[in-house]
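For reference, the chains in residue letters:
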Amino acid sequence: MASAKNPSTSKVAVAGGEQAPKLTKRKAGMAKKTKTKKIKLVKKVETEPSHLVESAETESQEQIVTARRQRLSEKAAARVEVSPPPGPAEPVTVASMKLTEIDSREYSPDEYKRLLDMYDGTIKSIKEGEIVAGVVLGVTRDDVIVDVGFKSEGIIPISEFMEPINIAVGDKIDVYLEEIEDQNGQLILSKQKADFMRVWDRIQEAHDSGELVSGKVARRIKGGVVVDIMGVDAFLPGSQIALRQVPDFDALIGTSMDLKIIKLNKNRRNIVVSRRVVLEEERESKKANLLKEIAVGQVREGIVKNVTDFGVFIDLNGVDGLLHITDMSWGRIKHPSEMVSLGDRISVKILDFDEKTSRISLGLKQLTPYPWENIEEKYPIGKKVTGKVVSITDYGAFVELEKGVEGLIHISEMSWTQHIKHPSKIMNVGDKIDAVVLSVDKENEKISLGIKQMEPDPWHTIEKKYPAGKIVSGKVRNLTAFGAFVELEEGIDGLIHISDMSWTKRIQHPSELMKKGDKIEVKILRIDHENRRISLGFKQLREDPWPEISKKYSMGAECLGTISRVLDRGVTVDLDGDVEGFVPTAQLGKPDLVNPGDVFSEGEQIPLKVIEFDRASHKIVLSVSAYYKDREDAEYQQYLTKHPTRTVSMGEALGQSGSGEMSTTAEQSPEGQEPPAV
């Protein structure tokens, strides 16, 4: 019988002397990469017994063979002679095949079968997707080499081992067989998958029953940490680590904690666990027990959980309560952090409890005695006390007399005589000062204090020093629209009202006669004890001239006046430099005059006649029209010529210099017309 080579490497002799073509490289490569393959049987047509074919077919159905065993089986089957059936499409008949890869000898089917059985005894029968036992043959920096009793060893990345430093040659481990042979002929093994498969049933049971599992934080990854539970990796998201956000995940590495499995995916070997669920269940359990026991008036211990501007949240073993800043101290505090810090363990008193909302109000100051008890006996009115300034406002200063008891010194109670604009001018926070108790209000927890009462009140003896009618000197301290304040001595001021500055002139502002800082003489007019005021007079330094003025400027008297001010309703005139009179617009002798400023200016002299005199109000009203009423028309026309109506050109009105000149026109009465009557 002629021999034939392996189909992938040689030609096969066929009937008629022709040779079958070789397999292409692509087909040969595909044959090598095939993981499992059944033996293709050739139908016997000549002298070979049929039981060999049936035996080979039974073997292919019972076990999965490797690529190498497959090639050996194909070589054995190739020895079977095949004769083509009659017809044009007859298949080629294999006359004979020679096994050249194993040996140059030719083996009978029985011999080859015995060789195949001997080879099968040297290797284990393993299947993909199973857990197999292995022995560590070597450990490198990146991999662990494992022998599982197959024709080749497997390599497992060292990152799959939780504690690589403890892996040693000779260690027996269980591994998961992913692939019997990859494209490089290498076993694909996994330690993590083996661990996962070994404990999967326990993990599934814990998930279904809600049982807690213990885990150890192994390392940090994006979004959370990896936890070792039962020897496999599970993901603990950052949001599930605690009831509140954890600032540093690295601090948890190496710590153990109870967890609950919340999500499973066997195909992806994905396990998600939560510690927050465990903590929430514990909190709810503690909360339920606490709410049954809690009562108003109880004193309980808690941990400071959060500090805010308005108070502190205290964890009372599972239930949060609010300790408001007003219930932290009987005294004054600006922020709760002055008394407590995050994590402090303190004792608090239950002030209020709402069963519907589970809100708990706590108190800290209520653990100490109420400092306002018997406050009237401790601080009677008139008692001199010493305290520390703890706060300053625009209206006064708060002084701490003892812990939880404060008194207010109003700005008006700081000095008998000084005009204090702000308390900070005479005291600062932290100063120790002496004061006198003025009043006590226990219900509203208020005490009024005064520091000026530490000295005698100078207003009790002010009349002895400054009797009415006495002429004294002082310094102008301030000017206002209604008068001038004059400082008689340190802290003692008097007021010169604007009506007491001149007998004869109407003063519009005190600055017309004096300025700030001037030293002047004044006369004491009266003293108001109740309002602590001294009225001063400036015009009273000389006698009242109005008795003489009333004789000189009686009704109908004629005189010359110098215009001192031009107003919309008339002009003010000086009479002999001492007396001031007023001429209304209608009495200026100009018919249809609307604005006196169009005709008259300051400094002009005009003839006048007194038409009204009021000595009580020091008022003199004069008239130009009345003056010319009894005079010749020529004199009146001459007056009109001297006081023409001035008009302004358009250019001057628009501010264009040189664009026009001021024109004047003399308003003359028609011939024979008399001046207007008074």
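Residues numbered from 1 in each chain as written. Predicted model: local features only at pLDDT ≥ 70, side-chain atom pairs only at ≥ 80, totals over all residues. Heavy atoms only, no water.

## Section: the overall build of the chain
Next, step 1: Across its full length, the chain carries 12 helices and 34 strands.
Next, step 2: For the chain, the share of sequence-separated contacts (at least 6 apart) that also reach a separation of at least 24 residues comes to 59%. (Helix = DSSP H or I, 4+ residues; strand = E, 2+ residues; numbered from the N terminus. Contact = heavy atoms within 4.5 Å.)

## Comments concerning the packing of aromatic side chains
Next, step 1: Applying the stated criterion across every chain, the model contains 8 aromatic pairs.
Next, step 2: On the basis of an interplanar angle of 55° and a centroid distance of 5.7 Å, the ring pair of Tyr628 and Tyr636 is categorised as tilted.
Next, step 3: A relative accessible area of 7% means that Tyr628 is categorised as buried.
Next, step 4: Seen in terms of ring centroids, Tyr628 and Tyr639 are 5.1 Å apart; in terms of plane orientation they differ by 40°. Their pairing is tilted. Of this pair, Tyr628 sits in helix H10 (residues 624-629) while Tyr639 sits in helix H11 (residues 633-642), and the two are 11 residues apart along the sequence. (Phe/Tyr/Trp six-rings, centres within 6.5 Å; stacked < 30°, edge-to-face > 60°. Buried < 20%, exposed > 50% of the residue type's maximum accessible area, 1.4 Å probe, protein only.)

## Remarks on the sheet that holds strand E24 (residues 483-489)
The strands making up a sheet associate through hydrogen bonds between their backbones, and the pairing can be parallel or antiparallel.
Next, step 1: Ordered by their spatial adjacency, 5 strands build a closed barrel running E23-E24-E25-E27-E26, and the pairing between neighbours is mixed. When strand polarity is set aside, the average angle formed by the axes of neighbouring strands in this sheet is 55°.
Next, step 2: Pairing of strand E26 (residues 519-528) with strand E27 (residues 533-537) involves 5 bridges; the strand directions are antiparallel. Note that in E27 the partner of Arg526 across the bridge is Ser535. (Pairing = 2+ DSSP bridges. Axes fitted to C-alpha atoms, helices over the stretch in contact; angles between N-to-C directions.)

## Focus: the side chain of Glu406
Next, step 1: Mapped onto the elements, Glu406 comes out in strand E20 (residues 405-410).
Next, step 2: Each residue touching Glu406, except ones within four places of it in the same chain, is listed here: Arg332, Trp372, Val390, Phe398, Val399, Glu400, Leu401 and Ile447.

## Some thoughts on the sheet that holds strand E18 (residues 384-392)
Next, step 1: Reading around the circumference, E18-E19-E20-E22-E21 is the order of the 5 strands in this closed barrel, with mixed pairing throughout. Averaged over all neighbouring strand pairs, the angle between strand axes comes to 50°, with direction disregarded.

## With respect to the pairing of strand E25 (residues 492-497)
Next, step 1: Judged from the 6 bridges that link them, E24 and E25 form a sheet pairing that is antiparallel. Bridge pairing links Phe485 to Leu495 in E25.
Next, step 2: The antiparallel pairing of E24 with E25 creates a hairpin that spans 2 residues between the two strands, and Gly491 there sits at a positive phi of about 90°.
Next, step 3: Here E25 runs beside E27; their pairing, made up of 2 bridges, is parallel. Within E27, the position partnered with Leu495 by the bridge is Ser535.

## Quick look at unusual backbone geometry
Next, step 1: In this model, Asn374 sits at a positive phi of 60°, which is unusual for a non-glycine residue.
Next, step 2: If you trace the backbone, Asn374 turns up in the loop between strand E17 (359-363) and helix H7 (375-378).
Next, step 3: Residue Glu445 is not a glycine yet carries a positive backbone phi of 55°.
Next, step 4: Here Glu445 lies in the loop between strand E21 (432-441) and strand E22 (446-450).
Next, step 5: The class for Glu445 is partly exposed, based on a relative accessible area of 37%.

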